[in-house]
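# Topology and contacts: notes
Here is what each chain is made of, one letter per residue.
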Amino acid sequence: MAHSTRKHQLAQLGQPGMMKLLLGFDWVDISSWPAFVKLLNRPTDPASLGMLRIFYGLLMFMDILQERGLSLADVKWGNLDECRFPLFSFLKPLALEWMFMIYLSLWISSLFIMLGLWYRGSCLVYCVCYWYLFLLDKTSWNNHSYLYGLLAILLLVTDAHRFWSLDGCRNKAIQNSHVPLWNYTLLRAQVFLVYFIAGLKKTDLEWLGGHSVTSLSSHWAFTPFRLILSESQTDYYIVHLGGFLLDLTIGFFLFFDVSRSMALFFCTSFHLMNSLIFHIGVYEQKSKQGQFREISMSIKTVWCFSIANFITELLLYMIQCFYLLMHFLPYPSLE
């Protein structure tokens, strides 16, 4: 009882307790439903959310050509008599001209999402068109495409257009204004589920026994590990057990403030190694994983308040230096 009273007194004095240092909030913030609602609506810097919106819009703009299939739309949708496998039997492809209009709507809306222009409407148009194409053909599904669609829905209900957006230029009331904490909570929960479920999928005996991926350690990206481990040990301890532990625990380490920096380092290293080994890239036409690497690293911005603020300040400083330099440069002579 005395210990609880002491923690309450520290919170009243503004001195953060251990829970505050670890998690970013204190016990009193979740001790009751009104306190929890107040926590979720706590004003938060919009910078990281805005950066995610920009990265997402840019990558989806490029994804439409690749994984959504615009470059092969005439081949994929040109024959109306071709056998299809939609999720719902009432879903049918439109005429080819209208399918191109769907792709055009996707392209324009993803560009507007990136620019933060007519943000809500752009997200809504993108969600409808994206999920229509996605549900129209089960043969092209993969788990990463689910994630892209879910992120579009989550961005629709958040205020990601309050930072570096044309909507902010048009409406000064929302420009660089704070967003409620639940905007970040939704996206962070989605990130946690992506990794945690991937970890649960690796609990089968084939993966934990080291038989799912063989001879991967021969790639040059694993050279540092082969200095102390054999190839078979690298395959088992680094690829299989390391991948299992990272997926299963990284969401928890990202959640804790004290471990977030190290978790971001391991997460980024993991995706960069994947890009080196599997050649997963935006312009890899044969890649079924699309730009999952880029999306995975972009969504990490929802955990990086300080990094986002640093980049913002750096860019603003560079802009100020540019205008200062232009002010002192002599104008060219007309003679």
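The structure displayed is predicted, hence computed values, not measured ones.

### Details of the side chain of Asp-235
Looking at the secondary structure, you find Asp-235 in helix H13 (residues 231–255). Buried charge Asp-235 goes without a salt bridge, the closest partner of opposite sign being Arg-226 at 8.6 Å. Here the side chain of Asp-235 touches Leu-216 through a polar contact of 3.2 Å, landing on its backbone nitrogen.

### Section: the nonpolar core
Ranked by size, the top nonpolar core spans 37 residues in total, and within it Tyr-56, Tyr-126 and Leu-133 carry the most contacts. If you list the elements that add at least two residues to this core, you get helix H4 (47–63), helix H5 (73–77), helix H6 (96–115), helix H7 (119–136), helix H8 (143–156) and helix H10 (181–201). Element by element, the count of residues in this core is highest for H7, at 12 residues. Excluding residues within four positions of it along the chain, Tyr-126 makes contact with Tyr-56, Met-60, Leu-106, Ser-109, Ser-110, Ile-113 and Ala-152. Ranked by size, the runner-up nonpolar core spans eight residues in total, among them Val-191, Leu-246, Ala-263 and Cys-267.

### A few points about the environment of Lys-202
One can find Lys-202 in the loop between H10 and helix H11 (205–208). A relative accessible area of 16% places Lys-202 in the buried class. Placed 45 residues apart in sequence, Lys-202 and Asp-247 show a C-alpha to C-alpha distance of 8.7 Å. Aside from chain neighbours lying at most four places away, what touches Lys-202 is Trp-207, Leu-208, Gly-243, Phe-244 and Asp-247.

### Some details on the environment of Trp-118
Assignment of secondary structure puts Trp-118 in the loop between H6 and H7. On a C-alpha basis, the gap between Trp-118 and Arg-170 in space is 9.9 Å, while along the polypeptide they are 52 residues apart.

### Section: H4
Helix length check: H4 (17 residues) gives 24 Å between terminal C-alpha atoms against 24 Å at 1.5 Å per residue, within 8%. The buried count for H4 comes to 12 of 17 residues, which makes it a mostly enclosed element. Taken together, the buried positions of H4 are Ala-47, Ser-48, Leu-49, Gly-50, Met-51, Leu-52, Arg-53, Tyr-56, Gly-57, Leu-59, Met-60 and Asp-63.

### Thoughts on the state of the cysteines
Considering all chains together, one arrives at zero disulfides under this definition. Cys-129 takes part in no disulfide bond, and the closest cysteine sulfur to it belongs to Cys-127, at a distance of 9.6 Å.

### Section: the confidence of the model for the chain
Close reading of the predicted structure is inappropriate where its pLDDT is low. Looking at the chain as a whole, its pLDDT mean stands at 78, while 77% of the residues score no less than 70. Segment residues 280–290: pLDDT under 50, and 31 contacts once partners within four positions in sequence are set aside and those in other chains are kept. Confidence over residues 327–335 falls short of pLDDT 50; this stretch has zero contacts with residues more than four positions distant or in other chains.

### So, unusual backbone geometry
The phi dihedral of Trp-164 falls on the positive side, at around 50 degrees, and the residue is not glycine. Topologically, Trp-164 is positioned in the loop between H8 and helix H9 (166–170). Although it is not a glycine, Asn-176 sits at a positive phi angle of roughly 55 degrees. What makes Asn-176 partly exposed here is its relative accessible area of 45%.

### Examining a nonpolar patch on the surface
On the surface, Leu-94, Trp-98, Met-101, Leu-104 and Ile-108 cluster together into a nonpolar patch covering about 470 Å² of accessible area. Within the secondary structure layout, Leu-104 lies in helix H6.

### Looking at the packing of aromatic side chains
All told, the structure shown has 17 aromatic pairs when counted by the stated rule. Measuring from centroid to centroid gives 6.2 Å for Tyr-56 and Tyr-126, while their planes differ by 75 degrees, and the two rings are edge-to-face. Of the two residues, Tyr-56 is situated in helix H4 and Tyr-126 in helix H7; the sequence distance between them amounts to 70 residues. With a centroid separation of 5.0 Å and 85 degrees between ring planes, the pair formed by Phe-192 and Phe-252 is classed as edge-to-face. A residue pair is termed long-range when its members are at least 10 positions apart, and Phe-192 in helix H10 and Phe-252 in helix H13 qualify at 60 residues. Positioned above the aromatic ring of Trp-207 is the side chain of Lys-202, whose terminal nitrogen or guanidinium carbon lies 5.0 Å from the ring centre.

### Comments concerning the packing of H8 against H10
Packed helices, taken two at a time, are described by the angle between their axes plus the distance between the axes. Orientation of H8 relative to H10, taken along the N-to-C sense of each, is 165 degrees, at an axis distance of 10 Å. By the angle between their axes, H8 is roughly antiparallel relative to H10. At the point where H8 passes H10, the crossing takes the right-handed sense. Where H8 abuts H10, its residues Leu-147, Leu-150, Leu-151 and Leu-154 lie against Leu-186, Leu-187, Gln-190 and Val-194.

Cut-offs and rules
- Residues numbered from 1 in each chain as written.
- Predicted model: local features only at pLDDT ≥ 70, side-chain atom pairs only at ≥ 80, totals over all residues.
- Heavy atoms only, no water.
- Helix = DSSP H or I, 4+ residues; strand = E, 2+ residues; numbered from the N terminus.
- Buried < 20%, exposed > 50% of the residue type's maximum accessible area, 1.4 Å probe, protein only.
- Lys, Arg positive; Asp, Glu negative; His and termini not counted.
- Salt bridge = Lys/Arg side-chain N within 4 Å of Asp/Glu carboxyl O.
- Polar contact = N/O pair within 3.5 Å; in protein donor to acceptor, adjacent residues only side chain to side chain.
- Core = buried A, V, L, I, M, F, W, Y, C linked by side-chain atoms within 4.5 Å.
- Contact = heavy atoms within 4.5 Å.
- Expected span 1.5 Å × (residues − 1).
- Disulfide = S-S within 2.5 Å.
- pLDDT = per-residue confidence, 0-100.
- Patch = residues over 30% accessible without salt bridge, like charges linked within 9 Å, V, L, I, M, F, W, Y side chains within 5 Å.
- Areas by Shrake-Rupley, 256 points an atom, 1.4 Å probe, with all protein chains shown as cover.
- Phe/Tyr/Trp six-rings, centres within 6.5 Å; stacked < 30°, edge-to-face > 60°.
- Lys NZ or Arg CZ within 6 Å of the ring centre and 35° of its normal.
- Axes fitted to C-alpha atoms, helices over the stretch in contact; angles between N-to-C directions.
- Parallel < 35°, antiparallel > 145°, perpendicular 65-115°, else oblique.
- Left-handed = near helix turned anticlockwise from the far one by under 90°.

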